[in-house]
Amino acid sequence: MNVADTISKPKTNINDKNYKRKVVAASIAGSAIGIAGAVVGGYAMAKKGNPAYGLKNLSYNEKDVLLIGAGSVIGGLAGGLAADRKKENVKPKLREASQQFFGNMLCPIGLMGLGNKVLEKTNFKLPKINSASKPAQALNGVLSVLPKAVVTVASLVAGMEIGNKIMNKVNNKIFKEDVKHNVNVEDYFVHADDLCLTANMLLKDARVISRLTSKVLPATFIVAGSKTGMQGINEG
């Protein structure tokens, strides 16, 4: 092997792999710290308002969900920027942060809240089966929560599509480039939190389920923050 061949071959891979691992680890850690900070902050505020409030009573509304989501995205962004030495990756991370928060959180959750308020004001209910049989009673239970469940799912899907289209246009003007951010499968995983939130609303009398969803909910945001911090590391 001559000197020319050695020079022409790109340096590998060990340093590049280490760099990527550091950015990934920092993004995940930052997102987790942001989520934990939001949860602790929310708990402290609830505790201040009600000294008897305990961790076993911890639950979340739409505002809490947005606060946790913001903590995840800001934390992931901060961790990714701190670990990523490549300046050209700053822009993709900032774009992803705005897409995640507005397109995948604020817009869908806002639309979900609006849809549920309309549902409550109109007092829309599906007709029940007039029977005392166990199958009929079970079906009536499903019919009672079905409108809220349909509104929730439809709001999340429509909200993500609308929110991301809006942010695509806004970001393209801000960053002066034509980039399209598509809604991916993992983006919908972010809304496992909304499924948990909906379960809390629909099954608020089922304490075991409510406690389980309250514990799972914050962790579902780790995807959004981590994805934000890791933007750019697989390009180029």
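Source: prediction; values computed, not measured.

## Digging into the packing of helix α3 (residues 62-83) against helix α9 (residues 222-229)
Here comes step 1: Running from amino to carboxyl end, α3 crosses α9 at an angle of 30 degrees, the nearest separation of the two axes being 7 Å. Judged by the angle between their axes, α3 and α9 are roughly parallel. Two packed elements cross with a definite hand, and for α3 against α9 that hand is right-handed. In this structure, α3 contributes Ser72, Val73, Gly76, Leu77 and Gly80 to the contact, and α9 contributes Ile222, Ala224, Gly225, Thr228 and Gly229.

## Observations regarding a positive patch on the surface
Here comes step 1: Taken together, the side chains of Lys165, Lys169, Lys173 and Lys180 present a region of like positive charge at the surface.
Here comes step 2: Along the chain, Lys169 falls in helix α5 (residues 134-175).
Here comes step 3: Judged by relative accessible area, Lys169 falls into the exposed class, the value being 62%.

## Details of the nonpolar core
Here comes step 1: Of all hydrophobic cores here, the largest spans 16 residues; its most connected members are Val39, Tyr60, Val65, Ile68, Leu217 and Phe221.
Here comes step 2: Mapped by element, the contributors of at least two residues to this core are α2 (14-49), α3 and α4 (90-122).
Here comes step 3: For this core, the element with the most residues is α3, which contributes four residues.
Here comes step 4: The contact partners of Ile68, leaving out residues within four places of it in the chain, are Ile35, Ala38, Val39, Tyr60, Leu217, Pro218 and Phe221.

## Focus: the environment of Ala70
Here comes step 1: Among the structural elements, Ala70 can be located in helix α3.
Here comes step 2: The exposure class assigned to Ala70 is buried, which follows from its relative accessible area of 19%.
Here comes step 3: Expressed as a C-alpha distance, the spacing of Ala70 and Ala97, which sit 27 residues apart in the sequence, is 9.2 Å.

## Observations regarding the confidence of the model for the chain
Here comes step 1: Here the chain averages 82 in pLDDT, while 80% of its residues score no lower than 70.
Here comes step 2: At the level of individual helices and strands, the chain shows its lowest average pLDDT in helix α1 (residues 3-8), which scores 46, and its highest in α3, which scores 94.
Here comes step 3: Under a pLDDT of 50 for its full length, residues 1-12 has, in the predicted model, two contacts with residues more than four places off or in other chains.

Thresholds applied
Residues numbered from 1 in each chain as written. Predicted model: local features only at pLDDT ≥ 70, side-chain atom pairs only at ≥ 80, totals over all residues. Heavy atoms only, no water. Axes fitted to C-alpha atoms, helices over the stretch in contact; angles between N-to-C directions. Helix = DSSP H or I, 4+ residues; strand = E, 2+ residues; numbered from the N terminus. Parallel < 35°, antiparallel > 145°, perpendicular 65-115°, else oblique. Left-handed = near helix turned anticlockwise from the far one by under 90°. Contact = heavy atoms within 4.5 Å. Patch = residues over 30% accessible without salt bridge, like charges linked within 9 Å, V, L, I, M, F, W, Y side chains within 5 Å. Areas by Shrake-Rupley, 256 points an atom, 1.4 Å probe, with all protein chains shown as cover. Salt bridge = Lys/Arg side-chain N within 4 Å of Asp/Glu carboxyl O. Lys, Arg positive; Asp, Glu negative; His and termini not counted. Charge placed at Lys NZ, Arg CZ, Asp CG, Glu CD. Buried < 20%, exposed > 50% of the residue type's maximum accessible area, 1.4 Å probe, protein only. Core = buried A, V, L, I, M, F, W, Y, C linked by side-chain atoms within 4.5 Å. pLDDT = per-residue confidence, 0-100.

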